[in-house]
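Below, each chain spelled out in residue letters.
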Amino acid sequence: MKQGPLRRLGEAAPADGPRQVDLTRVRPYGDTLDDGQIMLSFSLPVPFGDEAREAGRELCRAMGLEQPQVYHASDLGEGFTWLVLYAHCPHAVDYTAISVPRVTSRQLDREGVEDLWRQHFERRLRLVGACTGDDAHTVGIDAILNVKGYAGEKGLEAYRCFEVRNLGAQVPNEQLLAEARAFAADAILVSQVVTQKDVHRLNLAALVDLAEAEGLREGTLFICGGPRLDHETALELGFDAGFGPGTLAPAVAAFVVEEAIHLKARGRLPA
Amino acid sequence: MPPTKHMTGNTIRGHVQDALFDLVGIATGQGIQLLGMMTEAMHTPHLHDRALALEAARMIFAGGRDLGSEIGFRPGGLIQTRAAETLARATELLAEIAASGLMPTLAAGRFGDIARRIDGGKGLEGVFARGEDYWDPTEAPLTAALVRLNGFDPRAGWTP
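Before going into details, it helps to say that this report is about the structure given with it. Predicted model only: the values in this text are computed from it and were never measured. (Residues numbered from 1 in each chain as written. Chains lettered and ligands numbered in written order. Predicted model: local features only at pLDDT ≥ 70, side-chain atom pairs only at ≥ 80, totals over all residues. Heavy atoms only, no water.)

Quick look at the overall build of chain A now. Scanning chain A from N- to C-terminus turns up 7 helices and 8 strands. Sequence separation of at least 24 residues holds for 66% of the intrachain contacts in chain A that already meet a minimum separation of 6. Carbon and sulfur atoms provide 51% of the accessible area of chain A, an area that totals close to 14900 Å². (Helix = DSSP H or I, 4+ residues; strand = E, 2+ residues; numbered from the N terminus. Contact = heavy atoms within 4.5 Å. Areas by Shrake-Rupley, 256 points an atom, 1.4 Å probe, with all protein chains shown as cover.)

This part covers the interface of chain B and chain A. Residue-level contacts link 11 residues of chain B with 19 residues of chain A. The interface formed by chain B and chain A contains 0 salt bridges. (Salt bridge = Lys/Arg side-chain N within 4 Å of Asp/Glu carboxyl O.)

With that settled, the discussion passes to a nonpolar patch on the surface. On the surface, V21, L23, V93, Y95, I98 and V100 of chain A cluster together into a nonpolar patch covering about 570 Å² of accessible area. Turning to its location among the elements, V93 of chain A is positioned in the loop between β3 (80-88) and α2 (110-120). (Patch = residues over 30% accessible without salt bridge, like charges linked within 9 Å, V, L, I, M, F, W, Y side chains within 5 Å.)

Residues and elements named next belong to chain A. Across the interface, α2 lies against helix α7 (residues 249-265) with an axial gap of 10 Å and an inter-helix angle of 15°. Here α2 is positioned roughly parallel relative to α7, judged by the angle of their axes. Crossing handedness for the pair α2 and α7: left-handed. Taking contact as the criterion, the partners of V113, L116, W117 and H120 in α2 are, on α7, P250, A253, A254, V257, E258, I261 and K264. Across the contact of α2 with α7, the residue classes break down as 8 nonpolar, 1 polar and 2 charged. (Axes fitted to C-alpha atoms, helices over the stretch in contact; angles between N-to-C directions. Parallel < 35°, antiparallel > 145°, perpendicular 65-115°, else oblique. Left-handed = near helix turned anticlockwise from the far one by under 90°. Nonpolar A, V, L, I, M, F, W, Y, C, P; charged D, E, K, R; others polar.)

This part covers the sheet that holds strand β5 (residues 162-166) of chain A. Residue and element names in this part refer to chain A. Spatially, the 5 strands line up as an open sheet ordered β5-β4-β6-β7-β8, and their pairing is parallel. At either margin of the open sheet sits one strand with a lone partner, and together these are β5 and β8 (241-243). Here the strands of the sheet are splayed against their neighbours by 20° on average, with no regard to which way each runs. Relative to β5, strand β4 (residues 125-131) runs parallel, the two sharing 5 bridges. (Pairing = 2+ DSSP bridges.)

Distances and angles like these do not, on their own, reveal function.
So this is what it looks like as structure tokens:
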């Protein structure tokens, strides 16, 4: 790819200068538009050596990548090889055709959320949160619920509008629902941080199934969050919302209050 | 390893953070460490995530082993003050544990603000009393190594 001379800020690109991005055909960018450069890293269960390197390159070609180069290979021992490769991706995506479902609640700060709540409710909303299954990492649920919160944003416990019960880590789905029932929770917040082999998806789906079987799904908001979750996945799994990495308490708080208002309007939220 | 909350999902940055932690650890004479791994807080670390963490620790421990003996900290400075404060609090906590016992201190949430009750927790169904024919093949060689290192068995008189 030919690179044009440096331009001053605001100066129009010359006709033979750097090309504009074609948003209907977007490819990975290394240092030049459309170079399609991709870094890959994986291990193969084969002994370290030239055959392992070639197996890595072959795998990249099978993925539809071109000109794979092994930058690094190392012997992990016991017949395993770790590889770092760079390759060229000839494929493109149509960025203009992409649609990503988002949580559409308003962007409110803590006071905004509390004001909204005050206009619609006489009582505090009850929230139960837990990190479920085998996951022992409470960092996510604590960032959202704990008073001290995260990144300067206080957690939901600090909100006047919520009564919060944080059950902590490794809570079985059955126990979570039992606690939610005993607490008459308006919303259940589930965190899944460290997972393997998609166990977080199975675990979350199982929670919704169990809630439906117990008649708890209708009048309760189900919210999940974690580094490998997003709103679209959450909806697929039968949740009302999913929050990905970087979410702070106000986003969750705004969603809970807005949705609780909707539930109340439909007569599905206990007084 | 640094607290998990510092893991952002940028695994390469995480690897750097872990390396810095390893360096501070070895420079301050802490050669036994729980190693941080780049995908910690994302998924159960993959084979090569573990290998990279070990490789980095080996490199840093080898290169930084004697760094601590070359470094001095400003008297009355931030680091010295913080170290003195941490040491004082640790001593206080140890005295408290000596007075009230380990389990009650744990239950009171004195460790890292996390409470663990003696009748709470998980996994009791996986704990069994030792059978009559219980034998741990690693116990004898590990005890021998401890005695070799210390000149005596530091666990003598202690029963699990």
